[in-house]
Each structure stands twice: as structure tokens, then as C-alpha cells.
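Fold and geometry: a report
These are the residues of each chain, in order.
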Amino acid sequence: MDDAVDRVMVSYGSVPALERLGREETRAKVAQYLAKLSSAGHSNVEELTFYGLTYLRVLQEGPHPRYTG
């Protein structure tokens, strides 16, 4: 799982909106999220990387207005 977290952090790079959290806090949030997915049976590194990148996008942009009541 650490491999997936590393891939997410490298792929996303330096995003100003996420820097307010700090790189270590962002990494911790991604690791915690991916740990939940991993415990639910997701183990493919590419799949976890995709989910991690999507999670970071939601953190940056907020939830999609279509899905927030």
C-alpha cells in the first residue's frame, strides 16, 4: 500500500490548494483512505493509485455539486 501512496503523491505533484494541509498531512490522509480500501479487499496498486488521485481531487476541489444535496 505504501507503493500506492508514493505513486499518488508523486503523480499529484505540488498542488497549491493542498499545500494548506501540508504534504505530510495530505500523505497521512491518503494513506488512511487507501488503508480503508485495502481492508475492504482492494489490493491492486494501480487501482489504489487511481482511487487515491480521485480522493485528492475531491480534497482539492470539494465534492461534485451534482452529488451534494
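Along each chain, the written sequence defines residue order, and numbers are assigned to residues from 1. Predicted model: local features are reported for residues with pLDDT of at least 70 only, side-chain atom pairs are reported and counted for 80 or more only, and whole-chain, interface and lining totals are derived from all residues. With hydrogens and water set aside, each side-chain value is computed from the structure's full complement of heavy atoms.

Our next topic: the confidence of the model for the chain. Scored by pLDDT, the chain comes out at a mean of 83, with 86% of its residues at no less than 70. Summary of the metric used: pLDDT quantifies the predictor's per-residue confidence within the range 0 to 100. Secondary structure elements follow DSSP: runs of H or I no shorter than four residues count as helices, runs of E no shorter than two count as strands, and numbering proceeds from the N terminus. Ranking the elements of the chain by mean pLDDT puts helix α2 (residues 16–19) last with 63 and helix α3 (residues 23–39) first with 91.

Packing of helix α1 (residues 2–12) against α3 brings their axes to within 10 Å, and their N-to-C directions diverge by 135°. As far as their axial angle goes, α3 and α1 are oblique. Helix-helix and strand crossings are classified by hand; for α1 and α3 the assignment is right-handed. From α1, Asp2, Ala4, Val5, Asp6, Val8 and Met9 reach across to α3, where they touch Arg23, Thr26, Arg27, Val30, Ala31 and Leu34. Each residue belonging to the contact of α1 with α3 can be placed in one class, and the counts come to 7 nonpolar, 1 polar and 4 charged. In this description, a line fitted to the C-alpha atoms serves as the axis of each element, helices being fitted only across the stretch in contact, and the angle between N-to-C directions of two axes falls anywhere from 0 to 180 degrees. With respect to orientation, any angle under 35 degrees is reported as roughly parallel, any angle over 145 as roughly antiparallel, any angle of 65 to 115 as roughly perpendicular, and every other angle as oblique. For any pair of crossing helices, the crossing counts as left-handed if the nearer helix is rotated counterclockwise from the farther one by less than a right angle, and right-handed if it is rotated clockwise. In what follows, a contact means two residues having at least one pair of non-hydrogen atoms within 4.5 Å. Classes in brief: Ala, Val, Leu, Ile, Met, Phe, Trp, Tyr, Cys and Pro nonpolar; Asp, Glu, Lys and Arg charged; the others, Gly included, polar.

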